[in-house]
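Read off the chains here:
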Amino acid sequence: MAANHWFLACLPLVAVSVIFNGHPMAGVGLLVITIGRVVALRSRRALLVTLLLGVAFSGIFEWRQVQVNHRQISAFHPTNVALTVTFQPDALVFRGASYYFVARNHQTGEPLTVRGWAQSASELQYLQRLRQPQLWRVSSQQVGILPATNFNQFDSASYWRHRGVTKSLKIGSILQRQTAPSTPLQYVINWWHRQRTRLIRYCDRLPGALRVYALGLLPGSRAAEAVQELQGMQQLGLLHLFSISGLHVALLLTAVEWVCVHLRMQREHWEWGLLLGLPGYFILAGGGSGVLRACLMRGIQLGGRKVRVRVSALDAWAGALAIGLLMNYGMLFELGSQLSYGLSLGLILLAQESHWWRQTGLTLLGLPSLLNGIFQWHTLTILANVVLVPLFPLVMLPITLIGALSFPWFPVISGWSATVLALLDGGLARLAELPGNVSFGKPLWWVCWLWLASTWWLFSRPPRQRRRWLTGLLASYGLMYGLIHLPLHGEVAYFDVGQGDSILLREPFNRRIAMIDTGGHLAFPQPKWVPSTPTTYAATHTNLNYLRSIGIDHVDDLYLTHHDADHIGDLPAFLQAIRVKRLLVPAGMETEPGWQRVLVHSRFPVKIQPITIASQVPLRVRHPYEAAPAENANSLALQGDFGGLNFLFMGDLDQAGERKIMGDDPQLRTDVLKLGHHGSKTASVPAFIEQLRPRWAVISAGRENRYGHPHAETLTTLRAADVPAVSTQTSGMIRYVYTGKHGVWQTKLKGERDS
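This section reports on the structure supplied with the text. (Residues numbered from 1 in each chain as written. Predicted model: local features only at pLDDT ≥ 70, side-chain atom pairs only at ≥ 80, totals over all residues. Heavy atoms only, no water.)

Some words on the packing of aromatic side chains
No. 1: Using the criterion set out here, one finds 31 aromatic pairs in the structure.
No. 2: Relative to Phe101, the ring of Tyr99 has its centre 6.3 Å away and its plane inclined at 5°; by these criteria the two rings are stacked.
No. 3: In this structure an aromatic cluster arises from ring pairing among Tyr494, Phe642, Phe647, Phe649, Trp696, Tyr736, Tyr738 and Trp745.
No. 4: Lying over the aromatic face of Tyr159, Arg163 brings its terminal NZ or CZ to 3.7 Å of the ring centre.
No. 5: Note that Arg461 overlies the ring of Trp457, its terminal NZ or CZ placed 4.0 Å from the centroid. (Phe/Tyr/Trp six-rings, centres within 6.5 Å; stacked < 30°, edge-to-face > 60°. Lys NZ or Arg CZ within 6 Å of the ring centre and 35° of its normal.)

What follows is the structure, encoded as structure tokens:
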């Protein structure tokens, strides 16, 4: 076919992928448009190739979906199994004493995620020294991979499903360990995995920021400190500079070619060497979507040269897209693949544009994916791109390579490299803190597609006409921003934060935004031999993530019911991420030094207000009556009206506190009761439930929690009072979305019902 016809022939494969990823109507529409474009070529060969590819890929995708559906098991009912699994040593990822990896069932070949815990320092060291493919016989719990349990949360079940993985193993004990047998072909593959394992362990020894950069850019591994180290880069929308886009792969391959040419090696020899070495480098560099695209594009062009067929960059991109979809039919619904394939296509098609228009185009092409994935954008992103894109191949990548290579002989140079990279990260973090970070929220998926289509339409116009179209495109962003930030509806949302509490109370038009507790986890002491890990907060993936997705960058009132970690443990994450105007705590808690230490690190000034039943605050305070230590017995109990329903939030208040409330107001009623203490038998006394007569009860508790919440006694009390209960354990996030006096109940895992 003629040059670039392969590109048009492969575009319908995108539509087929859209159909098989849950958007059939949109996929069919896109299919009609892309096939129509091929028909316009008036090339029978191009049309025939397009139809054959479409039919073949549809069959492959359907077959894979049938396979995956057949393997699916419950994510809520683990079973005890004994299995033999095989895995490569570079698949092992360590976090403290825990480790996880992707393995294959030795009998069936089915891929699995596996998690375990080292029981001693010697076992941890043994695992870290592994260099050969492993064959383990394990006794474990097997369960389906849990889908996203909060709205707008990253869906790990979908992510793994695209890779054919539907089950997860939690190792109880390892019955047998041995080196896995290998065929001659597997031996070659194992050699590359062994080199990657050595590279990962080597990079793990590097100092500071150099370790983060070297792990990400060389073996494509993610350091535990990467989230904190690269925070500024993420906020400025510069993720494509890192391994997520494969840009570093193209630079490294180009550097290898340059060295070969200047060493006067015969082109025939080094081209064959590069072509044959690309599959090995793909393994060595971690095998991510960006690495795959970069290796495939270079390999397709080199292969074309070997058979004397000129392959354009656009056709090489199309070939990489087709092979990538074969390996992962859902890759275009993942942020890394969107940035890698989208921005590389932009670099190809915008190559003839002026520098300003090219940077504008790349920003507009990446913006819908970033807003859909991380919900924010910084107005300094274009400036940061203009400055850092040239610096990446000239400064950041060379410093990383020099620092990593010199470590065994000249560790001082590695230290200097780490310092320079740390200074760069610090500068990016300070730049990201400047005014201009827009907490945009998550746009509708079809709006993101329209933005992408409009961007390409914009660049199909002559430069003189573009400014008018650009103004219209930016106006559409402004309109979507307004719709997200001034919603007509309000909501009461009970987040699934595991064994803890966190509730959002948001009025229409975001007139007032309040929260009750942040959630958190108890930190248990670890043996001295366990390596330390950076502090992380689940809130970044649950409630904080949801707030960002709906464009919320502040909280007017944050009520902290008491000082237990499962209610306020994630407070530091909130005080760092968003502006909290006021903390309201039960009287007596304001004098406790333990939890106040986190206030020192708050990004914004915050006011603390102790409250009792006499306090005049937006929610009615039902407890406490007087100042006391902020334990369960002194927990806040709060009441409010939203969308025609009355809500009562009991924190961790015990039965004694419930009786006190009953005695104070014998006529107290409510429509929706959030049970005290996660459904424990220490709360929800039968007389209290009888008096309140709630229409629904909400339980916030963790799956398989060590306390057995909710207790059978509490569930019996609810059944006796004929009160239906819904729990975050089985329903995930629960929210009541209302307009005026009417609303809809929605649960993340079980649909919705009208009230």
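Describing the pairing of strand 21 (residues 734-739)
No. 1: Within strand 21, 5 of the 6 residues are buried, which leaves it mostly tucked inside the rest of the structure.
No. 2: Here strand 9 (residues 490-494) pairs with strand 21 via 5 bridges, running antiparallel. Paired with Glu491 across the strands is Val737, a residue of strand 21.
No. 3: Examined bridge by bridge, strand 21 and strand 22 (residues 742-747) share 6 bridges and lie antiparallel to one another. Each residue of the ladder has a partner; that of Ile734, found in strand 22, is Thr747.
No. 4: In sequence, strand 21 turns back onto strand 22 through a hairpin of 2 residues, with Gly740 there showing a positive phi of about 65°. (Buried < 20%, exposed > 50% of the residue type's maximum accessible area, 1.4 Å probe, protein only. Helix = DSSP H or I, 4+ residues; strand = E, 2+ residues; numbered from the N terminus. Pairing = 2+ DSSP bridges.)

Section: the sheet that holds strand 15 (residues 620-623)
No. 1: Taken in spatial order, the 6 strands line up as 15-16-17-18-19-20 in an open sheet, and their pairing is mixed. Strands with a single pairing partner mark the edges of an open sheet, and in this sheet they are strand 15 and strand 20 (725-727). Pairwise comparison of adjacent strand axes, ignoring direction, gives a mean angle of 20° for this sheet.
No. 2: Bridging between strand 19 (residues 696-699) and strand 20 involves 3 bridges; their strand directions are parallel. Of the residues in strand 20, the one forming a bridge with Val698 is Val726. (Axes fitted to C-alpha atoms, helices over the stretch in contact; angles between N-to-C directions.)

Re the nonpolar core
No. 1: Within the largest apolar cluster, 69 residues are counted, with the highest numbers of intra-cluster contacts made by Leu206, Trp317, Leu321 and Leu325.
No. 2: Once residues within four sequence positions are removed from consideration, Leu321 is found in contact with Cys10, Val14, Met331, Leu332 and Tyr341.
No. 3: Core analysis: the second largest hydrophobic core is formed by 30 residues, Ala539, Leu558, Ile568 and Met733 among them. (Core = buried A, V, L, I, M, F, W, Y, C linked by side-chain atoms within 4.5 Å. Contact = heavy atoms within 4.5 Å.)

Focus on the packing of helix 3 (residues 44-71) against helix 13 (residues 313-327)
No. 1: Relative to each other, helix 3 and helix 13 sit at 25°, their axes nearing to 10 Å. Regarding the angle of helix 3 to helix 13, the classification is roughly parallel. Of the residues in helix 13, those in contact with Phe57, Ile60, Phe61 and Arg64 of helix 3 are Ala322, Leu325, Leu326 and Met327.
No. 2: Taken together, the residues of the contact of helix 3 with helix 13 break down into 7 nonpolar, no polar and 1 charged. (Parallel < 35°, antiparallel > 145°, perpendicular 65-115°, else oblique. Nonpolar A, V, L, I, M, F, W, Y, C, P; charged D, E, K, R; others polar.)

Digging into the pairing of strand 10 (residues 503-506)
No. 1: Of the two faces of strand 10, the one lined by Ile503 and Leu505 and the one lined by Leu504 and Arg506 are each fully buried.
No. 2: As judged from the 4 bridges shared by strand 9 and strand 10, these two strands associate in the antiparallel manner. Along strand 10, the bridge assignment pairs Val492 with Leu505.
No. 3: Relative to strand 11 (residues 513-516), strand 10 is paired through 4 bridges, and the arrangement is antiparallel. Its bridge partner being in strand 11, Leu505 is matched across the sheet by Ala514.
No. 4: The antiparallel pairing of strand 10 with strand 11 creates a hairpin that spans 6 residues between the two strands, and Phe509 there sits at a positive phi of about 60°.

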